[in-house]
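Residues per chain, in single letters:
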Amino acid sequence: MMKILRNKYGEIRSGWDILWVSLVILFGLQFIIGFILSVILIVNKEIETSFRYFYLSVRIISEYIYIVALLIIWKGYHKESFVNLGFTHKGKFLDLTLGLVMGLFSISFVYVVLLFTNQLSIANVNFSIIHTPEYILYLIFYISVGIWEEMFTRGYFMSVLKRTRNIYAIIFIPSIVFSFLHLFNPNVGFIGILNIFVVGVLFSLMFYKRGSLWMPIGFHITWNFFQGNVFGLNVSGTEPYSIINNIIDGNKLLTGGDFGAEGGLITTLIVSILIIFFLLLSKEEDENLWSINIKND
């Protein structure tokens, strides 16, 4: 029985902590918030006329509730510093800035390739929407998504999985979970799920090599925001509210179809190049974050 619960070092197996925390946050809190949302919609029918505005507001509040809940679990149950979760102080502004820039340039590259290979054409450009409350909400929303998803699937999962002492488990298990979380998104297909997994590997390598969550958080934010709210591409299957509106009629293997650029092979290419770069990058030594001796086999 003890072998099921604890590893040979006497530590609780990482899978058990991941399981109960996932159940509490992904199912428990989501169910409660979903129930409250349903009641509000039933009681106040007028909300349906501005549902996207209301939905965004609820999603933002939900993301920050998840963030606070995980921080409480990390500090109260695991009794560890937030630094060990990936919120390092050293070089955080540099890593965040690099992440923001890489995310922007990566999705810009994908869009420019699609544009100049005639996979899409620009229908119209409308800068006036940047002054709308909804546009500001999208920015806040993608900031919250970037923080929450990286904190959960990279920060928490990878930190807990250090108990396995296996770098492959640390890198690939969070990436599998990350792709699974997008499995029921609208218009999802095989290439889309594959790309979500590959992006997850990239973010895991960023965290492992840099010893900080700030870079993947930055990349995640600008990739999503510019993809959906500047370039007008669907974000993981959801329709954009964007400055640029496109006519997308090219090869779905390249455009990603209704799933968006994340379902196309151009994204596969650019993310694969970045993975190779980070594989070749020297690891930042951080005694606090990666103190456990991790094996490669």
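Residues numbered from 1 in each chain as written. Predicted model: local features only at pLDDT ≥ 70, side-chain atom pairs only at ≥ 80, totals over all residues. Heavy atoms only, no water.

Visitor: A description of the pattern of salt bridges should follow, citing residues and the corresponding values.
Guide: Side-chain pairing between opposite charges can occur once the charged atoms of the two side chains come close. One pass over the full model with this rule turns up four salt bridges. Where Asp95 meets Arg210, a salt bridge forms, and the shortest distance between an N and an O atom there is 2.8 Å. Placement of the pair is Asp95 in helix H4 (residues 92-116) and Arg210 in helix H7 (residues 190-210), with a sequence separation of 115 residues. For Arg210, a relative accessible area of 22% translates into the label partly exposed. For Arg154, the salt bridge goes to Glu150, with nearest N and O atoms at 2.8 Å. Note that Arg154 and Glu150 are positioned in helix H5 (residues 133-161) at a spacing of four residues, about one turn of the helix. A single burial state applies to Arg154 and to Glu150, both of which are buried. (Salt bridge = Lys/Arg side-chain N within 4 Å of Asp/Glu carboxyl O. Helix = DSSP H or I, 4+ residues; strand = E, 2+ residues; numbered from the N terminus. Buried < 20%, exposed > 50% of the residue type's maximum accessible area, 1.4 Å probe, protein only.)

Visitor: So what about the confidence of the model for the protein chain? Which residues, and what values?
Guide: With 87% of its residues at a pLDDT of 70 or more, the protein chain shows a mean pLDDT of 87. Least confident of the elements in the protein chain is helix H1 (residues 2-5), whose mean pLDDT is 66; most confident is helix H8 (residues 214-229), at 97. (pLDDT = per-residue confidence, 0-100.)

Visitor: Outline the nonpolar core, listing residues and values.
Guide: If you look at the biggest cluster of nonpolar residues, it comprises 75 residues, and the most contacted ones within it are Tyr156 and Leu202. At 14 residues, the largest contribution of residues to this core is made by H5. The residues contacting Tyr156, other than those within four sequence positions of it, are Asp17, Ile18, Val21, Leu70, Trp74, His78, Leu85 and Met151. (Core = buried A, V, L, I, M, F, W, Y, C linked by side-chain atoms within 4.5 Å. Contact = heavy atoms within 4.5 Å.)

Visitor: Please give an account of helix H6 (residues 167-180) that cites residues and values.
Guide: With 14 residues, H6 extends 20 Å from end C-alpha to end C-alpha; this agrees with the ideal 20 Å at 1.5 Å per step. Listed as buried for H6 are Ile167, Ala169, Ile170, Ile171, Pro174, Ser175, Phe178 and Ser179. In this fold, the buried residues of H6 make contact with H5, H7 and H8. Of the residues flanking the start of H6, the one acting as N-cap is Asn166, its side-chain oxygen 2.9 Å from the backbone nitrogen of Tyr168. (Expected span 1.5 Å × (residues − 1). Polar contact = N/O pair within 3.5 Å; in protein donor to acceptor, adjacent residues only side chain to side chain.)

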